[in-house]
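Commentary on secondary and tertiary structure
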Amino acid sequence: MARKLRAPGKYYAFVVTYIVMLSALGSFMNDMYSPALPAMCKFFSCSVSTVQMGITMGMIGLALGQLVLGPLSDRYGRRPVLVASASLFIVSATVSIFSPTIEFFVTCRLFQGLGASGGYFLARTIPADVYTGRGLAKLMALTGAINGVAPASAPVIGGVTADAFGWKGIFVVLIIYAIIVLALSPMMKESLAPDARYKGQWWKAFKGYIVLLRNKPFQAHTIVKGLTLGLLFAYVSSAPFILETHYGLSQTVYGLVIGANSVFVALGSMVALKFRPLKKATHFGSIILGVAVGAQALALFYIHSIWVYEICAMAMLFAMGLIFTCSNTLAMNEGRERAGEASALLGVAGYIVGAIAAPCVGIGNLLHATAITFVVLTALIFIFAVISYRLAPDLK
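Residues numbered from 1 in each chain as written. Predicted model: local features only at pLDDT ≥ 70, side-chain atom pairs only at ≥ 80, totals over all residues. Heavy atoms only, no water.

Thoughts on the pattern of salt bridges
Rules: Counted as salt bridges are all cases of a side-chain nitrogen of Lys or Arg within 4 Å of a carboxyl oxygen of Asp or Glu. When accessible area is computed with a 1.4 Å probe and restricted to protein chains, residues below 20% of their type maximum are described as buried, those above 50% as exposed, and intermediate ones as partly exposed. Numbering of helices and strands runs from the N terminus, with a helix taken as a DSSP run of H or I at least four residues long and a strand as a DSSP run of E at least two residues long.
Under the counting rule described, the total for this entry stands at 2 salt bridges. Note that Arg78 is salt-bridged to Asp74, the shortest N-O span being 2.7 Å. We note that Arg78, like Asp74, is buried. With a closest N to O distance of 2.8 Å, Asp129 and Arg78 form a salt bridge. Of the two residues, Asp129 sits in helix 5 (residues 102-130) while Arg78 sits in helix 4 (residues 78-96), which places them 51 residues apart along the sequence. Arg78 carries the same exposure label as Asp129, and that label is buried.

Here's the deal with the packing of aromatic side chains
Note the following rule: Only rings of Phe, Tyr and Trp enter the pairing, Trp through its six-membered ring, and a pair is recorded when the two centres are within 6.5 Å. The plane angle decides the type: under 30 degrees is stacked, over 60 is edge-to-face, the rest tilted.
Enumeration according to the criterion identifies 13 aromatic pairs in this entry. Aromatic side chains Phe44 and Trp167 sit 5.6 Å apart centroid to centroid with 45 degrees between the ring planes, which places their arrangement in the tilted category. Taken as a pair, Phe44 in helix 2 (residues 37-44) and Trp167 in helix 8 (residues 167-184) lie far apart in primary sequence, 123 residues in all. The same class applies to Phe44 as to Trp167, namely buried. Between Phe105 and Phe171, the ring centres sit 5.6 Å apart and the planes meet at 85 degrees, which makes this aromatic pair edge-to-face. With Phe105 in helix 5 and Phe171 in helix 8, this pair connects stretches of sequence that are 66 residues apart.

Things to note about unusual backbone geometry
The omega torsion of the bond from Arg276 to Pro277 falls at -5 degrees, within 30 degrees of zero and hence cis. With respect to the helices, strands and loops of the structure, Pro277 is situated in the loop between helix 11 (251-271) and helix 12 (280-303). Here Ser45, not a glycine, exhibits a phi torsion of approximately 55 degrees, which is positive. Looking at where Ser45 falls in the secondary structure, it is placed in the loop between helix 2 and helix 3 (48-76). In this structure, His304 takes a positive phi of about 55 degrees despite not being glycine. Structurally, His304 is set in the loop between helix 12 and helix 13 (306-334).

Comments concerning the environment of Phe264
This is how it is decided: Any two residues whose heavy atoms approach within 4.5 Å are treated as being in contact.
Its place among the elements puts Phe264 in helix 11. In this structure Phe264 comes out as partly exposed when scored by relative accessible area, which is 27%. For the pair formed by Phe264 and Leu322, sequence separation is 58 residues and the distance between their alpha carbons is 9.8 Å. Apart from residues no more than four positions distant in its own chain, Phe264 is found in contact with Met314, Leu317 and Phe318.

With respect to the confidence of the model for the protein chain
Heads up, the rule is: The pLDDT value tells you how sure the predictor is about a given residue, anywhere from 0 up to 100.
Across the protein chain, the average pLDDT comes to 84, with 94% of residues at 70 or higher. Per-residue pLDDT, averaged within each element of the protein chain, yields its smallest value for helix 6 (residues 133-146) (70) and its largest for helix 12 (94). Predicted confidence for residues 1-7 stays below pLDDT 50, and this span has 19 contacts to residues more than four positions away or in other chains.

Thoughts on the side chain of Thr228
Heads up, the condition is: In protein, a polar contact means a hydrogen-donor-capable atom and an acceptor-capable atom, both N or O and within 3.5 Å, with residues adjacent in sequence counting only if both atoms are side-chain atoms; elsewhere, any N or O pair within 3.5 Å suffices.
Among the structural elements, Thr228 can be located in helix 10 (residues 216-246). Polar side-chain contacts of Thr228 include one of 2.8 Å to the backbone oxygen of Val224. Sequence-distant contacts of Thr228, defined by excluding residues within four places in its chain, comprise Met320, Ile323, Phe324 and Ile381.

Thoughts on the environment of Ser238
Here Ser238 is to be found in helix 10. On the basis of relative accessibility, which here comes to 0%, the residue Ser238 falls in the buried class. With 136 residues separating them in the primary sequence, Ser238 and Ile102 have C-alpha atoms 19 Å apart. Setting aside anything within four residues of it in sequence, one finds Ser238 in contact with Val361, Leu366, Thr370 and Phe374.

Remarks on the packing of helix 3 against helix 14 (residues 339-360)
Basically, it comes down to this: Fitted lines through C-alpha atoms serve as axes, helices being fitted only where they are in contact, and the angles separating the N-to-C directions of these axes extend from 0 to 180 degrees. Here the word oblique covers every angle except those under 35 degrees (roughly parallel), over 145 (roughly antiparallel) and from 65 to 115 (roughly perpendicular). When residues are sorted by character, Ala, Val, Leu, Ile, Met, Phe, Trp, Tyr, Cys and Pro go into the nonpolar class, Asp, Glu, Lys and Arg into the charged class, and all the rest, Gly among them, into the polar class.
Interhelical geometry of helix 3 versus helix 14 gives an angle of 170 degrees and a closest axis separation of 8 Å. By the angle between their axes, helix 3 is roughly antiparallel relative to helix 14. Here the residues of the contact of helix 3 with helix 14 sort into 15 nonpolar, 10 polar and 2 charged.

Some details on a nonpolar patch on the surface
Cut-off, in case you're wondering: Patch rule: a residue counts if its relative accessible area is over 30% and it has no salt bridge; like charges are joined within 9 Å, and nonpolar side chains (Val, Leu, Ile, Met, Phe, Trp, Tyr) within 5 Å. Reported accessibility uses the Shrake-Rupley method at a 1.4 Å probe radius. Residues are deemed covered only where the shown protein chains occlude them.
Nonpolar side chains collect at one region of the surface, where Ile372, Val376, Leu380, Ile383 and Ile387 lie side by side and expose about 410 Å² of accessible area between them. Residue class for Leu380 comes out partly exposed when judged on its relative accessible area of 33%.

Considerations on the packing of helix 3 against helix 5
Keep this limit in mind: With the far helix as reference, a near helix turned anticlockwise by less than a right angle produces a left-handed crossing, and one turned clockwise produces a right-handed crossing.
Following both chains from N to C, one finds helix 3 and helix 5 inclined at 40 degrees, their axes separated by 6 Å at the closest point. Between helix 3 and helix 5, the angle is such that the two are oblique. Here helix 3 and helix 5 pass one another in a crossing that is right-handed. For the contact of helix 3 with helix 5, the class distribution of residues is 15 nonpolar, 11 polar and 2 charged.

Next comes the structure, spelled out in structure tokens:
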């Protein structure tokens, strides 16, 4: 039976809103400045793959930060980790505005990722502190659906800001957003009671990773989530160059198009709750994803139509939404006794794949490299979705 949140009504609404804001910081960090990637190539006089390393380093920072902060949050509580990580993001984003070279900027992106990682993994950890089972699934789906606003609005805000103030203006907006998150943190009650925290020395809390890595159902759900998130990052990394450079859209129009596409992630997140047992959502999503990516790959090689590209992208994103809600919920349900570490591993898996996939789409012919990257990741997703589907249904 799901445990109830400690405060109903208005506080519950605040918790949902704040969790969305925490998770959105990780999305905003990459998605908001993606419309400016082509312009940044010109500003720093560097190649596509080089400027995409900013996305890669951000992902590495998000991954490393979650690995370190997960056990620390299980030892010291969620709020101290949130305050420290948000503060680091604000400082590193401020410094990045004054980057003299692309190398300096990319280094700043690593620290931005470290800072954004706190809110990103806590957005999964806090719900697992207070809910189980279908209650956890509903909260995950609700925040996931609302969080569709993050990838939907980030490129729009980023595109408009970049057109008006250049790429540096985007990071000013990110700084303001992080300051708001930090300012609201005192209103968020500590979700991990002192008697539920790890009692040993802080560094021994890292042993929880070994326990989770031996949990085969947790591994299966986490790998599916990680590969799917990696595919999303490959899409985000390639989209500005396909839509702006290849099809000639402006940064603002690009933002509007990507924003509209992202609504399909939210739709998929909510539809996932209709499946019983919940694991069917991943299986069904992987089938839709396979068809959509196959069509997208053929289009990128032979058709070159923005309409075909868009239709396939919408289907891909809907399938991802199905998979995200299911894999997030099942993984956190399996790892709830070590929620900090479980959330960290769940997040890290995606950023490891994303860090590899993001620059791959820029190697050689952009359209062909994107198609190949999509197909490889989707094939792996389907394989592990089948493995996940064959597990006993631990959540009806």
